[in-house]
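# Residue-level structural notes
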Amino acid sequence: MTFSADVLSIDLAAEADRICAEIRRIVSHDLKRRGLVVALSGGIDSSCVAALAARALGPAHVHGLHMPERDSSEETIKLSKSVSDTFGFDSTVEELTPILEGLRCYQRRDEAIRMVFPDYGAGWKSKIVLPGVPESGEGYNVYYLVAQTPSGEMIKKRLPPKAYLQIVAATNFKQRTRKMLEYYHADRLHFATTGTPNRLEYDQGFFVKNGDGAADVKPIAHLYKTQVYAMARFLGVPAAICNRAPTTDTYSLAQGQDEFYFALPYDKMDLALWAKNHGVGAAEVAPVIGLSPAQVEWVYKDIDQKRSTTRYMHLPPVLCGDVAEIDI
Amino acid sequence: MGTVNQEQVRRDVTAFIVENFLFGNVADAPRPETSFMETGLVDSTGILELVAHLESAYGVSVADDELIPENLDSVGSIAAFVVRKKGG
C-alpha cells in the first residue's frame, strides 16, 4: 500500500458503535459507576468524548464541567457550553481562578518567569514554546519562554532548567485542580471520570500526571487526532469546535499545541506517528508531510525520545515488593 | 577559570552525572563515548541541567545554535566542546 493521508480513514459509524459498547461495559462492569463526568475545554477531544459518553450512556448519565480560569481564552466557556447544550446533559461551571490564587499558582509561575525576564509583571503575557523541527535535522528540543511586554514587544529566551521546571510545576496546578473537581462531582454522583487524550497525546505523554492524565476511562486514547476530528464531526459536535485549531488554553499568550509540545502540526504529526508505528521509511513519508527525509528521521527520534522521557507519566505507583493478593 | 583540558572536563562531567542522575552509582557511569540519546541516560531536561552546570563551572555561555548532539551527546563530546569554547 502506498503511504498517504488516507491511512487514517476509518469507518466512523462502526468505530463509534464499538467505543460506545466499550464505554457501557467499562462503566457498568469494570468501574461499577452510574455515569461519566467530562471536563469540557471547548476543544475537539473533550467534546468528542462527551458526545461518545452521551451516545453510549444517555445524557442523564453524563455530567459536564466547565472550568475556566484567568488565562483561559474568552471563547472557551461559550464553546464548552455549546457541547453540553448540543448533547443535552447537565453541567456545572467551576471557576478555577480563586482556587489557583489560593495555591499561588500564578505567583509561583511569575516568580519563575522573572528568573528569565526580571521585569515581568502586570500587563505582560507569556507562553513556553519549542523551536520545532530543525532545518538541519539535528538539535535538541529545548523550551523557550516567549513574553509580550505591556508595549506589545515580543521577546524570547531559552529557559534554564530551574525556571522551566517551576513554570511547568506551577501551571500543572491547573490540570490537577480540574481533576480534583472532576472527582468531587464523580463522587457525589457515583460517576466515573473521563480522560480525553487522543493517541498523539497519550503516546507522547502530553498530559499532566495526576492531572488530566488521571482518569477512570480514556475513550479516544487509541484514535489519532485526525480521526478524533472526523469522529467529532460524525457525532455532531458543533462546527465552531470542529473548525478550531488545537490550543493548550493554559498560558496567557495564545499557544498552539504544535509550538508547545509536538514537533509538527497535528495532521502531519499523526501521519508521522502512524508511519513510524507501521515501519514506513522516512524517504516515503517525507514528500507526504512536506519535510526532508533527514527531518522525518529527526521526528522519529523525537517520538522515541518523548516516549522515553514521559514513560514516568504512564507509570502507576511502583512498589518495592510484591503484594500478590491485589490483582488488577 | 583559566584553560582546561579535556580530561579534566570529562572527569568533572562524569562526576556531575554520577552525582545528579545516578545517585552516586559509579558502576553505571557513562564511558566518554557513550551516547546520551541512544542510552536514554540524559534526557532533554538533563541536557539543560548539564548546560547550566557547564555555564556556571567553566564560565562559558552556550548559544542556542550550539545545543546540538555533536557538542553535547557524550562526556567526550562535551569535553571537546568546552575546551573549544575556552579557546584551548
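Here is a short report on the structure shown in this document. (Residues numbered from 1 in each chain as written. Chains lettered and ligands numbered in written order. Predicted model: local features only at pLDDT ≥ 70, side-chain atom pairs only at ≥ 80, totals over all residues.)

Along the polypeptide, Ala112 of chain A turns up in helix α5 (residues 105-114). Those residues in contact with Ala112 of chain A that lie beyond four places of it in its chain are Ala163, Gln166, Ile167 and Ala170 of chain A. (Helix = DSSP H or I, 4+ residues; strand = E, 2+ residues; numbered from the N terminus. Contact = placed C-beta atoms within 7 Å.)

Each partner contributes residues to the interface: chain B has 13 residues there, and chain A has 12 residues. Ranked by the residues each element gives to the side of chain B that touches chain A, the list is headed by helix α3 (residues 44-58) of chain B, at six residues. Of the residues contributing to the side of chain B that touches chain A, the split by class is seven nonpolar, three polar and three charged. (Nonpolar A, V, L, I, M, F, W, Y, C, P; charged D, E, K, R; others polar.)

So, about the nonpolar core. Residues and elements named next belong to chain A. Counting residues in each nonpolar core, the largest one holds 95 residues, and the members touching the most others are Leu36, Val38, Cys48, Ala50, Ala53 and Ala272. The greatest single-element share of this core, amounting to 10 residues, is contributed by helix α2 (residues 44-57). Look past the residues within four positions of Val38 in its chain and what remains in contact with it is Ser46, Val49, Ala50, Ala53, Val62, Gly64 and Thr194. (Core = buried A, V, L, I, M, F, W, Y, C linked by C-beta atoms within 7 Å. Buried ≥ 20, exposed ≤ 12 C-beta atoms within 10 Å, placed from the backbone.)

With that settled, consider the sheet that holds strand β3 (residues 90-93) of chain A. All names here are of chain A. Strand order in the open sheet formed by four strands is β3-β2-β1-β7, and the pairing between neighbours is parallel. Each of the sheet's edge strands pairs with one partner strand only, and the pair in question is β3 and β7 (192-193). As judged from the five bridges shared by strand β1 (residues 36-40) and strand β2 (residues 62-66), these two strands associate in the parallel manner. Bridging from a neighbouring strand, Leu40 pairs with His66 of β2. (Pairing = 2+ DSSP bridges.)

Moving on, we come to the packing of helix α11 (residues 266-277) of chain A against helix α13 (residues 293-309) of chain A. All names here are of chain A. Interhelical geometry of α11 versus α13 gives an angle of 80 degrees and a closest axis separation of 10 Å. Compared by their axis directions, α11 and α13 come out roughly perpendicular. The segment α11 lies against α13, with Ala272, Leu273 and Lys276 engaging Val296, Val299, Tyr300 and Ile303. Classifying every residue of the contact of α11 with α13 by side-chain character gives six nonpolar, no polar and one charged. (Axes fitted to C-alpha atoms, helices over the stretch in contact; angles between N-to-C directions. Parallel < 35°, antiparallel > 145°, perpendicular 65-115°, else oblique.)

Now for unusual backbone geometry. All names here are of chain A. Non-glycine residue Lys32 carries a positive phi angle of around 55 degrees. Relative to the elements of secondary structure, Lys32 occurs in the loop between α1 (12-30) and β1. Backbone geometry at Arg104 places phi at a positive 60 degrees, although glycine is not the residue there. Mapped onto the elements, Arg104 comes out in the loop between α4 (97-102) and α5.

Residues and elements named next belong to chain B. Every buried residue of helix α5 (residues 75-85) is accounted for by Val75, Ile78, Ala79, Phe81 and Val82. One side of α5 holds all its buried residues, which, seen down the axis, span an arc of 165 degrees. In this structure, the buried residues of α5 make contact with α1 (6-21), α3 and α4 (69-72). Positive phi shows up at Gly87, right after α5, with a value of about 75 degrees. (Arc of directions from axis to C-beta.)

We now examine the sheet that holds strand β5 (residues 144-148) of chain A. All names here are of chain A. Within the open sheet, the three strands sit side by side as β4-β5-β6. Their pairing is antiparallel. Looking at strand neighbours, the two that pair on one side only are β4 (125-129) and β6 (154-158), the edges of this open sheet. For this sheet the average axis-to-axis angle between neighbouring strands, irrespective of direction, equals 20 degrees. Two strands pair when backbone bridges link them, and β4 and β5 are joined in this way by five bridges, in the antiparallel orientation. The residue of β5 that forms the bridge with Lys125 is Gln148.

A few words on the pairing of β6 of chain A. Side-chain direction in a regular strand flips from residue to residue, so the side chains alternate between the two faces of the sheet. Residue and element names in this part refer to chain A. In this sheet, β6 lies alongside β5 in antiparallel orientation, the contact comprising five bridges. Each bridged residue has a counterpart across the sheet, and for Leu145 the counterpart in β6 is Lys157. The hairpin turn running from β5 into β6, its antiparallel successor, is five residues long, and Gly152 in that turn takes a positive phi close to 95 degrees.

So, about the environment of Ala63 of chain B. Residue and element names in this part refer to chain B. As for its placement among the helices and strands, Ala63 is situated in the loop between α3 and α4. Here Ala63 falls in the exposed class, since 9 other C-beta atoms lie within 10 Å of it. Sequence separation between Ala63 and Ala15 is 48 residues, and the spatial gap between their C-alpha atoms is 24 Å.

Looking now at the packing of α2 of chain A against helix α8 (residues 225-235) of chain A. Residue and element names in this part refer to chain A. For the pair α2 and α8, the least separation of the axes is 9 Å and the interaxial angle reads 45 degrees. Taken together, the axes of α2 and α8 are oblique relative to one another. For α2 against α8, the interelement crossing comes out left-handed. Along its contact with α2, which presents Ile44, Asp45, Ser47, Cys48, Ala51, Leu52 and Arg55, the element α8 presents Val228, Tyr229, Met231, Ala232 and Leu235. For the contact of α2 with α8, a count of residues per class yields nine nonpolar, one polar and two charged. (Left-handed = near helix turned anticlockwise from the far one by under 90°.)

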